[in-house]
Amino acid sequence: MQPGEEIPRLIRNISLIPPFHPFILSVVRASLFPGSRPARWTILILLGLGTLAMAGVASRQLSAHGQSSDALALLPNHLEATILSNDSLLDVCWSLSQPWDSSEAMLAFDLYAPDWSCLQVLWDTSLHSEQWDTLPQIRFWKRIMALSKDTVIVSIASSRTILGTMPLWAWESMGDTAQAMFRDSVRLAHGLGPETPIYATAGKNHYYQFEMALPGIGKGIQAFQENGVDPWFAQAILLIESPGQLHMSPVGAYGSFQLMKTVAEEYGLIVSDSLDEREDFSRAAYAASELIRRRCLPQVRGMLRKRNLAFSETDLWFRLLVLHAYHAGAGNVESVLAKIQPVQGGVELMRQVWTTEVGGFKNASQNYSQIALASFLRLEEVMQNLPDSICQERILPEVAVERVKEES
């Protein structure tokens, strides 16, 4: 914004809507600045107004239902998850430069009002029983998710073995030459070869805000179950893909389930300049479950049967391969398996997948299932740290699959 320019009017109306009485913020495109992001002070004002309103209302609602005020521990996250249909107050910031219809916002709140009664998540015990939680790659990503962006982890690229941490400012102040010398000293200190890649990765706890994703996980589980798809995939995708927020990826994937435009349209979603149904949680969940049901699952089954690899669809390693097909495409997963030539599935196969680069299957693809596993483990910690008064329904994946069979 340049000095002397008129401040665009961002808020059309603020009203109290029964039965939940939240602030519904209806925003319109800033005609003077099409496509621009709102000023920071505007976002802070919206955050302040929304927090004050929701705090008072939630307190009265909880008291009226006889629930403990400890539930307010989640208030900021539920505020972010329910103020608009996008499931995050960050999306209010994103939507300030987009057309928004007030009736749609009101309807969205009725559909996605926070449910204080119980938080529903899948509890995958195979992470521990099969010792996935001991792998260095999973420990690395779990640590990254807990660290602030002001700290970097120094690690061996191939295995993600953590060698140490340092302040981000110290790393960035070195410059390219000093960073190369630092890497050489790390290799020497740890007895590594001169060509061993060493990574310095900043923490991402500002991105992996799993508390924000909690209200949506139960909705995702239910949506996948209703469509006859293993809900494990719903939870994994929601934890990996900008938890509780909406972001556009560099390649154009968007929404809670990070759907590409062509894929979304293939499964019946409208994606246009005036309407993008990838923002609609229920519609996006349906499209994502259809993609997995119609394409990813059959293709991964075919790859494994072609190689005479025994599998169960409840095996964690099988689910991870399907997740890779969802993210990178089945063609890239087929290329990886062709290069590995596995003789059996399991943890060792996935470790090979994580170090195999071929075609479009590169670093981001290798990381995808590692991040999924680390996300499940971090979610366990989040759930264990919630107040006792917050109801939790922890569902075993095999129980969830049985429910899918019953409903289908």
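Residues numbered from 1 in each chain as written. Predicted model: local features only at pLDDT ≥ 70, side-chain atom pairs only at ≥ 80, totals over all residues. Heavy atoms only, no water.

Chemist: Help me understand the packing of helix H13 (residues 316-328) against helix H15 (residues 347-354), please; the structure alone is not making it clear to me.
Modeler: Packed helix pairs are specified by the crossing angle of their axes together with the interaxial distance, meaning the distance between the axes. Contact pair H13 / H15: the axes reach a minimum separation of 9 Å and the direction vectors enclose 25 degrees. With respect to their mutual orientation, H13 and H15 come out roughly parallel. Judged by the twist between their axes, the crossing of H13 over H15 is left-handed. Each of Trp 317, Leu 320, Leu 321 and His 324 in H13 lies in contact with H15, whose residues at this interface are Leu 349, Met 350, Val 353 and Trp 354. Grouping the amino acids of the contact of H13 with H15 by side-chain chemistry returns seven nonpolar, one polar and no charged. (Axes fitted to C-alpha atoms, helices over the stretch in contact; angles between N-to-C directions. Helix = DSSP H or I, 4+ residues; strand = E, 2+ residues; numbered from the N terminus. Parallel < 35°, antiparallel > 145°, perpendicular 65-115°, else oblique. Left-handed = near helix turned anticlockwise from the far one by under 90°. Contact = heavy atoms within 4.5 Å. Nonpolar A, V, L, I, M, F, W, Y, C, P; charged D, E, K, R; others polar.)

Chemist: How do you make sense of the environment of Thr 356 when you look at a structure like this?
Modeler: Inspection of the secondary structure assignment puts Thr 356 in the loop between H15 and helix H16 (363-384). A sequence separation of 198 residues divides Thr 356 from Ser 158, and the C-alpha atoms of the two residues are 9.8 Å apart. Apart from residues no more than four positions distant in its own chain, Thr 356 is found in contact with Val 336, Lys 339, Ile 340, Phe 361 and Gln 366. A distance of 2.6 Å separates a polar side-chain atom of Thr 356 from the backbone oxygen of Gln 352. (Polar contact = N/O pair within 3.5 Å; in protein donor to acceptor, adjacent residues only side chain to side chain.)

Chemist: What's the story with the nonpolar core in this structure? I'm lost.
Modeler: Core analysis: the largest hydrophobic core is formed by 83 residues, its most contacted members being Trp 132, Phe 257, Leu 259 and Tyr 326. The dominant element in this core, judged by the number of residues it contributes, is helix H12 (residues 281-306), at twelve residues. Counting eight residues, the second largest nonpolar core, distinct from the first, contains Ile 156, Met 166, Ala 170 and Ile 198. (Core = buried A, V, L, I, M, F, W, Y, C linked by side-chain atoms within 4.5 Å. Buried < 20%, exposed > 50% of the residue type's maximum accessible area, 1.4 Å probe, protein only.)

Chemist: Looking at this structure, how should I read the pattern of salt bridges?
Modeler: Side chains that differ in sign of charge can pair as their charged atoms come close. Tallied over the entire structure, the rule returns 14 salt bridges. Ionic pairing is found between Glu 381 and Lys 142, a salt bridge with its closest N-O pair at 2.7 Å. Within this pair, whereas Glu 381 is found in helix H16, its partner Lys 142 is found in helix H6 (residues 136-146), the two being separated by 239 residues in sequence. Take Glu 381: its relative accessible area is 25%, and that puts it in the partly exposed class. Relative accessible area serves as the criterion here: at 25%, Lys 142 is assigned to the partly exposed category. When the shortest N-O distance is used, the salt bridge between Arg 295 and Glu 266 registers 2.5 Å. Here Arg 295 is found in helix H12, whereas its partner Glu 266 is found in helix H11 (residues 261-266), with 29 residues between them in sequence. On the accessibility criterion, Arg 295 (28% relative accessible area) is partly exposed. Since its relative accessible area comes to 45%, Glu 266 is described here as partly exposed. Linked by salt bridges that have partners in common, Lys 142, Arg 378 and Glu 381 make up one network. (Salt bridge = Lys/Arg side-chain N within 4 Å of Asp/Glu carboxyl O.)

Chemist: Whenever I open this one, the sheet that holds strand S4 (residues 151-156) confuses me. Can you help?
Modeler: Strands belonging to one sheet form pairs held by backbone hydrogen bonds; the direction of such a pair is parallel or antiparallel. Taken in spatial order, the three strands of this open sheet run S5-S4-S6, and their pairing is antiparallel. One side of each edge strand has no neighbouring strand; the edge strands of this open sheet are strand S5 (161-167) and strand S6 (198-202). Each neighbouring strand pair of the sheet contributes to a mean axis angle of 25 degrees, computed without reference to strand direction. Where S4 meets S5, six bridges bridge the pair, whose relative direction is antiparallel. Its bridge partner being in S5, Val 152 is matched across the sheet by Met 166. Each of S4, S5 and S6 touches H6; the most contacted strand, S5, lies at about 20 degrees to it. (Pairing = 2+ DSSP bridges.)

Chemist: Can you walk me through the environment of Phe 182 in this structure?
Modeler: For Phe 182, the position within the fold is in helix H8 (residues 175-189). The class for Phe 182 is partly exposed, based on a relative accessible area of 23%. For the pair Phe 182 and Trp 171, spaced eleven residues apart in sequence, the C-alpha separation works out to 9.4 Å.

Chemist: Which parts of the structure should I look at to understand the packing of aromatic side chains?
Modeler: For any pair of aromatic rings, the description consists of the separation of the ring centres together with the inter-plane angle of the planes. Taken as a whole and judged by the stated rule, the model has ten aromatic pairs. Among the aromatic residues, those joined into a ring-pair cluster are Tyr 207, Tyr 208 and Phe 210. Its end group placed over the ring of Phe 281, Lys 219 keeps NZ or CZ at 4.5 Å from the ring centre. (Phe/Tyr/Trp six-rings, centres within 6.5 Å; stacked < 30°, edge-to-face > 60°. Lys NZ or Arg CZ within 6 Å of the ring centre and 35° of its normal.)

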